[in-house]
Amino acid sequence: MNILNSDQRYGLISIIFHWLMALIIIATFILGLNLKHNFQYYYEVLALHNSLGITIFLLAIFRVAWKFFNIKPNQLPNKVILMKLATLTHIFFYIIFFTLPITGYILTNLQGDIVLFYGYGLPEVLEQNRGLKNYVHTIHDYVGNILLILFSLHVLGALYHHLIKKDNTLRRITFFKMK
Ligand code: HEM
Ligand code: HEM
């Protein structure tokens, strides 16, 4: 397997970035929902949610940098509108990789807590402020909901390609052989 992408398939590093970040994002999202609905172990869950969320931010920087060394594999044929929707979804994912951690960081400070990154306290960028906190919380919540919608579209698209069109779209972003 090549380290770099080709016009036919994703390379090793892009595949690792994709699945590692997918896993961490899903875990962070579930922890976020837990913060909202279950107040037991709130600070332990928040510390893990913060750490994983910031990990996403850091990985996203490397993932964007890696894109500069790579070509994007050609999209496999589909209805033009669906191809455009897929590209748009990918662009929004990248925007979310940064907006959720940034709003989350600010939100944590505004509610009066220090952001913990695997046990290390990170600098406080804003002081506690209840009014502003509610506002930023709403943004973090909305962006989280947008992520959920995009994720659903993305998975449905992948399954449509794999099970109905039976093409290589899903295979070429895994370690499995292409048809
Ligand atoms: C991609 C990364 C992230 C995802 C997917 C995510 C997702 C979520 C979700 C779904 C919620 C529940 C929505 C709500 O409370 O209304 C939430 C809440 C929250 N998140 Fe995040 N988040 C991310 C990153 C972060 C980061 C990096 C921080 C802090 C450094 C953070 C801090 C918070 C806080 C303080 C809450 C509110 C908890 C509460 O309701 O008391 N988030 N997040
Ligand atoms: C939160 C989780 C996920 C995120 C944020 C995400 C994000 C992305 C992004 C940004 C791309 C564009 C390629 C790149 O820049 O690396 C991509 C490609 C892809 N993803 Fe995901 N993904 C997630 C989960 C999944 C899951 C669960 C599946 C399968 C069921 C999947 C299937 C695919 C496929 C098949 C492609 C290639 C599309 C193509 O070649 O046009 N992804 N994903």
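Refer to the preceding data block for the structure.
Counting of residues starts from 1 at the beginning of each chain's written sequence and follows it residue by residue. Going through the entries in the order they are written, you letter the chains from A and number the ligands from 1. In keeping with the predicted nature of the model, local features appear solely for residues at pLDDT of at least 70, side-chain atom pairs appear and are counted solely at 80 or more, and the whole-chain, interface and lining totals rest on all residues.

Participant: Mind laying out helix α1 (residues 12-37), listing which residues take part and the relevant values?
Facilitator: Since the α-helix turns once every 3.6 residues, residues separated by three or four places project in the same direction. A run of H or I in DSSP counts as a helix once it spans at least four residues, and a run of E counts as a strand once it spans at least two, with each numbered from the N terminus. A helix's residues, less one, multiplied by 1.5 Å, set its expected span. With 26 residues, α1 ought to run about 38 Å at 1.5 Å a step, and its terminal C-alpha atoms sit 38 Å apart, in line with that. Partly exposed residues are those falling between the two cut-offs: more than 12 but fewer than 20 other C-beta atoms within 10 Å of their own, whereas 20 or more means buried and 12 or fewer means exposed, with C-beta atoms placed from the backbone. Of all the positions in α1, only Ser14, Ile25, Thr28 and Gly32 are classed as buried. Along its buried surface, α1 packs onto α2 (42-68) and α4 (130-165). We call two residues in contact if the C-beta atoms placed from their backbones are at most 7 Å apart.

Participant: Got a sec to walk through the environment of Met21? Specific residues and values, please.
Facilitator: The residue Met21 is located in helix α1 in this model. For Met21, a count of 17 C-beta atoms within 10 Å translates into the label partly exposed. Separated by 35 residues in sequence, Met21 and Ile56 place their C-alpha atoms 6.6 Å apart. If sequence neighbours within four positions are ignored, Met21 has contacts with Ile56, Leu59 and Arg63.

Participant: If you had to explain the site of ligand 2 to someone new, which residues and values would you point to?
Facilitator: Residues in close proximity to ligand 2 total 17 residues, the closest being Ala22, Ile25, His90, Phe93 and Ala158. Mapped onto the shell around ligand 2, the elements with two or more residues apiece are α1, α3 (80-110) and α4. Taken together, the residues of the shell around ligand 2 sort by class into eleven nonpolar, six polar and no charged. Here is the check we use: build the C-beta atom from the backbone, and if it is within 6 Å of the molecule or strand, call the residue near. Here the nonpolar group is Ala, Val, Leu, Ile, Met, Phe, Trp, Tyr, Cys and Pro; Asp, Glu, Lys and Arg are the charged ones; every other residue, Gly included, is treated as polar.

Participant: Pulling in residues and values, what's your account of the packing of α2 against α3?
Facilitator: Convention adopted: a line fitted to C-alpha atoms gives each axis, helices being fitted over their contacting stretch, and angles between N-to-C directions are expressed from 0 to 180 degrees. Where α2 meets α3, the axes come as close as 9 Å, and the angle between the chain directions of the two elements is 145°. Considering only the axes of α2 and α3, their crossing is left-handed. Residues Asn50, Gly53, Ile54, Ile56, Phe57, Ala60 and Val64 of α2 form the contact with α3, whose participating residues are Tyr94, Phe97, Phe98, Leu100, Pro101, Gly104 and Thr108. Left-handed describes a crossing whose near helix is turned anticlockwise from the far helix by less than a right angle; the clockwise case is right-handed.

Participant: Could you give an account of the site of ligand 1, with specific residues and numbers?
Facilitator: Residues in contact with ligand 1 amount to 24 residues; listed here are only the nearest, Gly32, Gly53, Gly104, Asp141 and Gly144. The element contributing the most residues to the shell around ligand 1 is α1, with seven residues. Broken down by class, the residue content of the shell around ligand 1 amounts to twelve nonpolar, ten polar and two charged.

Participant: Lay out unusual backbone geometry in plain terms, naming residues and giving numbers.
Facilitator: Residue Tyr118 is not a glycine yet carries a positive backbone phi of 45°. Topologically, Tyr118 is positioned in the loop between β1 (116-117) and β2 (120-121). Residue class for Tyr118 comes out exposed when judged on the 11 C-beta atoms lying within 10 Å of it. Unlike most non-glycine residues, Lys166 shows phi in positive territory, near 50°. Counting through the fold element by element, Lys166 comes out in the segment after α4.

Participant: Go over α2 with me, naming the residues and quoting the values.
Facilitator: Here α2 is 27 residues long and its end C-alpha atoms lie 40 Å apart, about the 39 Å a rise of 1.5 Å per residue gives. All of the buried residues along α2 are Leu46, Ala47, His49, Asn50, Leu52, Gly53, Ile56 and Ala60. Contacts from the buried residues of α2 go to α1, α3 and β1.

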